Protein chains: 2
Amino acid sequence: MIRLFVPHPLKAGAGVAPTVDQSRYLTAVMRLNVGDEILVFNGQDGEWRCSLAEAGKRGCLLKAEEQTRPQAYGPDLDLVIAMVKRGRVETIVEKAAELGARRVRLTQTRRTNVDFLKLGRLDAIAIEAAEQTGRLDVPAVDDPQKLDKILDAWDPARTLIFCDEGGDARPLIEAAAPRERGDAPGPAAILIGPEGGFAPEERERLRSLPFVIPVTLGPRILRADTAAIAAMTLWQAVAGDWR
Amino acid sequence: MIRLFVPHPLKAGAGVAPTVDQSRYLTAVMRLNVGDEILVFNGQDGEWRCSLAEAGKRGCLLKAEEQTRPQAYGPDLDLVIAMVKRGRVETIVEKAAELGARRVRLTQTRRTNVDFLKLGRLDAIAIEAAEQTGRLDVPAVDDPQKLDKILDAWDPARTLIFCDEGGDARPLIEAAAPRERGDAPGPAAILIGPEGGFAPEERERLRSLPFVIPVTLGPRILRADTAAIAAMTLWQAVAGDWR
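If you're wondering where the values come from, they're calculated on a predicted model, not measured in any experiment. (Residues numbered from 1 in each chain as written. Chains lettered and ligands numbered in written order. Predicted model: local features only at pLDDT ≥ 70, side-chain atom pairs only at ≥ 80, totals over all residues.)

*Asks:* Looking at this structure, how should I read the domain arrangement of chain A?
*Replies:* It is common to give the size of an interface as the accessible area that goes away when the parts come together. Residues and elements named next belong to chain A. Taken domain by domain, chain A holds domain 1 (3-69) and domain 2 (77-238). For domain 1 and domain 2, the distance between their C-alpha centres works out to 33 Å. Listed by partner, the interface residues are eight residues for domain 1 and six residues for domain 2. The element contributing the most residues to the side of domain 1 that touches domain 2 is strand β1 (residues 3-5), with three residues. Considering only residue class, the side of domain 1 that touches domain 2 consists of three nonpolar, two polar and three charged. (Domains from an automatic or database assignment. Contact = placed C-beta atoms within 7 Å. Helix = DSSP H or I, 4+ residues; strand = E, 2+ residues; numbered from the N terminus. Nonpolar A, V, L, I, M, F, W, Y, C, P; charged D, E, K, R; others polar.)

*Asks:* Sorry, what's going on with the interface of chain A and chain B here?
*Replies:* Across the boundary between the two partners, chain A contributes 25 residues, which contact 25 residues of chain B. Elements represented by at least two residues in the side of chain A that touches chain B include exactly α2 (86-98), α3 (119-133) and α7 (224-238) of chain A. Of all the elements, α7 of chain A adds the most residues to the side of chain A that touches chain B, at seven residues. Split into classes, the residues belonging to the side of chain A that touches chain B amount to 10 nonpolar, eight polar and seven charged.

*Asks:* Could you clarify how one ought to interpret the sheet that holds strand β3 (residues 37-41) of chain B in this entry?
*Replies:* To summarise the sheet geometry, strands pair through backbone hydrogen bonds and adopt either a parallel or an antiparallel arrangement. All names here are of chain B. Here we have five strands laid out as an open sheet, ordered β1-β3-β4-β5-β2, and mixed in their pairing. Of all the strands in the sheet, the pair left with one neighbour each is β1 (3-5) and β2 (15-16). Note: β3 against strand β4 (residues 47-56), five bridges, orientation antiparallel. Among the inter-strand pairings, Leu39 is bridged to a residue of β4, identified as Arg49. (Pairing = 2+ DSSP bridges.)

*Asks:* Got a minute to help me understand the environment of Leu151 of chain B in this structure?
*Replies:* All names here are of chain B. Checked against the element boundaries, Leu151 lands in helix α4 (residues 147-152). Leu151 sits in the partly exposed class, given 18 other C-beta atoms within 10 Å. Those residues within four positions of Leu151 in sequence are excluded, and the remaining contacts are Arg205 and Leu209. (Buried ≥ 20, exposed ≤ 12 C-beta atoms within 10 Å, placed from the backbone.)

*Asks:* For this particular structure, what's the right way to read the packing of α2 of chain A against α3 of chain A?
*Replies:* A pair of packed helices is characterised by two quantities: the angle between their axes and the separation of those axes. All names here are of chain A. It is at 8 Å that the axes of α2 and α3 come closest, and there the two elements cross at 35 degrees. You can see that α2 and α3 cross each other, and the crossing is right-handed. Between α2, through Val89, Glu90, Val93, Glu94, Ala97 and Glu98, and α3, the contact on the second element is made entirely by Leu122, Ile125, Ala126, Ala129, Ala130 and Thr133. (Axes fitted to C-alpha atoms, helices over the stretch in contact; angles between N-to-C directions. Left-handed = near helix turned anticlockwise from the far one by under 90°.)

*Asks:* Is there a simple way to think about the relation of the copies chain A and chain B in this case?
*Replies:* Both copies of the chain are related through a single rotation about an axis accompanied by a shift along the same axis. Rotating chain A by 180 degrees and translating it 0.0 Å along the rotation axis places it on chain B, where the RMSD comes to 0.0 Å. The transformation just described matches what one would write down for a two-fold rotation axis. Interface residue correspondence from chain A to chain B reaches 100%, placing this contact among same-surface, isologous pairings. (Least-squares fit on C-alpha atoms with pLDDT ≥ 70 in both.)

*Asks:* Quick question: what am I supposed to make of the sheet that holds strand β9 (residues 159-163) of chain A here?
*Replies:* All names here are of chain A. Ordered by their spatial adjacency, seven strands build an open sheet running β8-β7-β6-β11-β9-β12-β10, and the pairing between neighbours is parallel. Either end of the sheet is taken by a strand with one partner, and the two such strands are β8 (140-146) and β10 (170-171). Sheet topology places strand β6 (residues 77-82) next to strand β11 (residues 188-192); five bridges connect them, and they run parallel. If you follow Leu77 over to β11, its bridge partner there is Ala188.

Written as C-alpha cells, this is what we have:
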C-alpha cells in the first residue's frame, strides 16, 4: 500500500491535506479514487490508514480512519558525514533513512572542498526513502557545520564511531558491540570523512576524545557513500535493531 | 598515486600500452610527463610501478619498472543480483568492486521486469572502482541468466546466502559466520531479489536447497542496492577479510 509522510496531526476522523505534489501523485499517477486507502505517518502519531475523502483539481483531502501502528523510533544512531559530491550526499541521505539513522549531520572538514547543497532536496530524499522503507519517522538533515564546532558541543554520552583510515583501529563489529550480550547500547553516531581523508590534526583530535571509538572498515579504500552504508549496517547488526 | 587496470602482461621492462581513453586521462587530464610514475595491475601479475615512457598524440606508452605488490585475491565471494533499474545496477557493480566481490552475476527472476543492460558499461564501472579501491583484480560481470538455470548448475560447495524478506530467517552475521573462530569460510555467494521480491515458488525452491542459507537484513524494507551493499559488508565482517 502507498505510504506518505505528512507533517500534520493524525487522529481518528482528522482531515489531512497532502501537498500539491502528493495529491497529484495519488490521483494522477496512482489513479486513486474517493474511498481508496493509503497509509500515512507524521513522525509522532504512528501510522494511520487514511481514505481519500475528496479529490479535486486543486488537491485532495484524506481522512484518518484507524491507527495501524503506534509511533516507534529505531535505535539512537546519527550519521556525521563530511560533504562530498552532491550525488554521493544524496545517496548517503537515502541510505541513512533506509538503515535507520535518526539524523544526518553534514560537516565541513579541512579537506572538504564542496559547499553547495540545497538542503530542501535532501529533506525530500529523506522523506521518500522513509516512506518506502516502512519507518515511522524521517531522519533530520542538518545544515553543514564545521567539524571542530560539532566536536566542541558533543554530548559525551553519545559514542562517536570514527571510521579511520589509519590502519591500527579495530573492526567496527568488535569495537562497537555492547560489552555483554543483552546490554543496551547507548546513543551513537558514525563519522565518515571526506574523499581526501581527515587532516592529521583532525585525526589526532578525534583520537584524543574520550567518546570517540576509532574503527576500521576493512583493507580496501571505500568511497564515502560506501563507508557510510557499511558502517551503519554493521552498527545496526551488532548494536542496533538487526540483532 | 594513479592506479590503472590494463589487460596486458606485466613484467620488469615490459612496455604497456594503455587505451586511448586512459592515455588521454594520463596526459590531458592528469598532465603527466615522460618519466612520471603510476601504478598498474592486470588481475594476474600483481601491481607494478610504471613510468610514462612515451606520450604522443595518438596515445602513450608505459614501461613496467618494479612490482610493488604480488598478485592476491580477496575472499571467494560472488554476488547474484536480480536486474533492477539501470542506475541501481550500476551502483551495485561499483560497490561490489569496493566490497571485494569477485564476480557479479545478473539474474532474471519471475518478477524482474527489466532487460536492458549494456554490459560493457558495467565492466567499465567495475574497472574504475577496482582501480580506486586498491584491489588487484576486477570483478567479472556476467550476462543475465534465468535464476532457475543458475540454481540448476550451482556448485553445492558454494554457500548461497539468500537475503529473504520472509521474516523468520536468522541475521546474516549469525547465519554466515564460520562455526568456529578461525575456521576458513568456504566460497560463498549473496543473492538479492528484485524490487518486487521473489515469487513464492522461487522462495520455496531456494529454501529447499541444501547449499542455501536464508538470512534477514533487519526490520526495514531495503532497496536492492542497499541490501546488496549491506549483505556484502556483513559477510566481509564475519567471514571475509575485514576480520
